[in-house]
Amino acid sequence: MCYSVGTSGIVFTCGVLSLRRRLRGFAPEQLRARRLAMGLSGAEIARLVGVASSTYSQWERGQSHPRIDSLARCAQELGRPINDFVFVAEEEEYLGDLRTSRGLTQGALASEVGVSPQYIGALERGQSRLGDSTASRIAEVLEYPASRVVAAYERVRRRPRGEPA
């Protein structure tokens, strides 16, 4: 296999750029430990989640990161909350981390909030303004206090140059 993760979190595979970003706080060792504790094979979990065995194996080895919807299905099959497999300390959370903690894609959150997925993406990168009403709707959907949503948004806006959102 030929891959590397750049400082921006963008994955390069054999010199080819992949637009897939890392899943901040993903703990592949926790995924493996839970699977083993349940006495399940990687192939069995992969089948239940609907991904190839090789894909699941790459997740456990930290060679690739799952999409959030796939990880949410995996967490459900393993009988654990998604936060058992993805952890970012509250004081370091970005807006996208809050969405991830609930197992939602940008599209799913956008649909629940009543905005476009592109707007959610821009908010998560700190590239659009987060208004009070949108912050309240996001907080309601994610079941977090609005103050936590706003703090995560402000943190992503103030992140250091070159740090991925």
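For the structure, see preceding data.
A brief structural summary. Quick caveat, the model's predicted, so the values are computed rather than measured.

1. Notes on the overall build of the chain
- Within the chain, the secondary structure is distributed over 9 helices and 3 strands.
- Overall, the chain shows an N-to-C arrangement of helices and strands of β-β-β-α-α-α-α-α-α-α-α-α.
- Across the 165 residues in the chain, those meeting the buried criterion constitute 39%.
- Considering only contacts within the chain whose residues lie at least 6 apart along the sequence, 57% involve residues at least 24 apart.
- Of the roughly 9000 Å² of accessible surface on the chain, 49% is carried by carbon and sulfur atoms.

2. A word on the packing of helix α1 (residues 28-37) against helix α3 (residues 53-60)
- At a closest axis distance of 7 Å, the pairing of α1 and α3 adopts a crossing angle of 115°. Contacts from Pro 28, Leu 31, Arg 32 and Arg 35 in α1 reach Tyr 56, Trp 59 and Glu 60 in α3.
- Partitioning the contact of α1 with α3 into residue classes produces 4 nonpolar, no polar and 3 charged.

3. Comments concerning helix α8 (residues 132-142)
- Listed as buried for α8 are Thr 134, Ala 135, Ile 138, Ala 139 and Leu 142. Seen end-on, α8 carries its buried residues on one side only, within an arc spanning 135°. The exposed set on the far side of α8, more than 90 degrees from its buried face, consists of Asp 132 and Glu 140.
- Next to the buried residues of α8 lie α5 (95-101), α6 (106-113), α7 (117-124) and α9 (146-157).
- Once α8 finishes, Glu 143 follows within two positions and takes phi at roughly 60°, a positive value.

4. A look at the environment of Ser 70
- Tracing the backbone shows Ser 70 in helix α4 (residues 68-77).
- Considered as a pair, Ser 70 and Gly 103 are 33 residues apart in the sequence and their alpha carbons are 8.7 Å apart.
- Leaving out residues up to four positions away in the same chain, Ser 70 has contacts with Val 49, Val 51 and Trp 59.

5. Description of the pattern of salt bridges
- Tallied over the full model, the rule gives 10 salt bridges.
- A salt bridge links Asp 69 to Arg 67, with the nearest nitrogen and oxygen atoms 2.6 Å apart.
- The class of Asp 69 is partly exposed, set by a relative accessible area of 22%.
- For Arg 67, a relative accessible area of 45% corresponds to the partly exposed category.
- Linking Glu 93 and Arg 148 is a salt bridge whose minimum nitrogen-to-oxygen distance equals 2.7 Å. Of this pair, Glu 93 sits in the loop between α4 and α5 while Arg 148 sits in helix α9, placing them 55 residues apart in sequence.
- Among the charged side chains, a salt-bridge network with shared partners connects Arg 32, Arg 35 and Glu 60.

6. Description of the packing of aromatic side chains
- All told, the structure shown has 1 aromatic pair when counted by the stated rule.
- When the centroid spacing of 5.8 Å and the interplanar angle of 65° are considered together, the rings of Tyr 56 and Trp 59 count as edge-to-face. Taken together, the residues span about one helical turn, with Tyr 56 and Trp 59 both in helix α3 at a distance of 3 residues.
- Take Trp 59: its relative accessible area is 3%, and that puts it in the buried class.
- The ring of Tyr 94 carries the charged tip of Arg 24 above its face, separated from the ring centre by 4.0 Å.
- If you follow Arg 102 out to its NZ or CZ, it ends over the ring of Tyr 144, 4.0 Å from the centre.

Rules and cut-offs
- Residues numbered from 1 in each chain as written.
- Predicted model: local features only at pLDDT ≥ 70, side-chain atom pairs only at ≥ 80, totals over all residues.
- Heavy atoms only, no water.
- Helix = DSSP H or I, 4+ residues; strand = E, 2+ residues; numbered from the N terminus.
- Buried < 20%, exposed > 50% of the residue type's maximum accessible area, 1.4 Å probe, protein only.
- Contact = heavy atoms within 4.5 Å.
- Areas by Shrake-Rupley, 256 points an atom, 1.4 Å probe, with all protein chains shown as cover.
- Axes fitted to C-alpha atoms, helices over the stretch in contact; angles between N-to-C directions.
- Nonpolar A, V, L, I, M, F, W, Y, C, P; charged D, E, K, R; others polar.
- Arc of directions from axis to C-beta.
- Salt bridge = Lys/Arg side-chain N within 4 Å of Asp/Glu carboxyl O.
- Phe/Tyr/Trp six-rings, centres within 6.5 Å; stacked < 30°, edge-to-face > 60°.
- Lys NZ or Arg CZ within 6 Å of the ring centre and 35° of its normal.

Any link to function would need more than the numbers given here.
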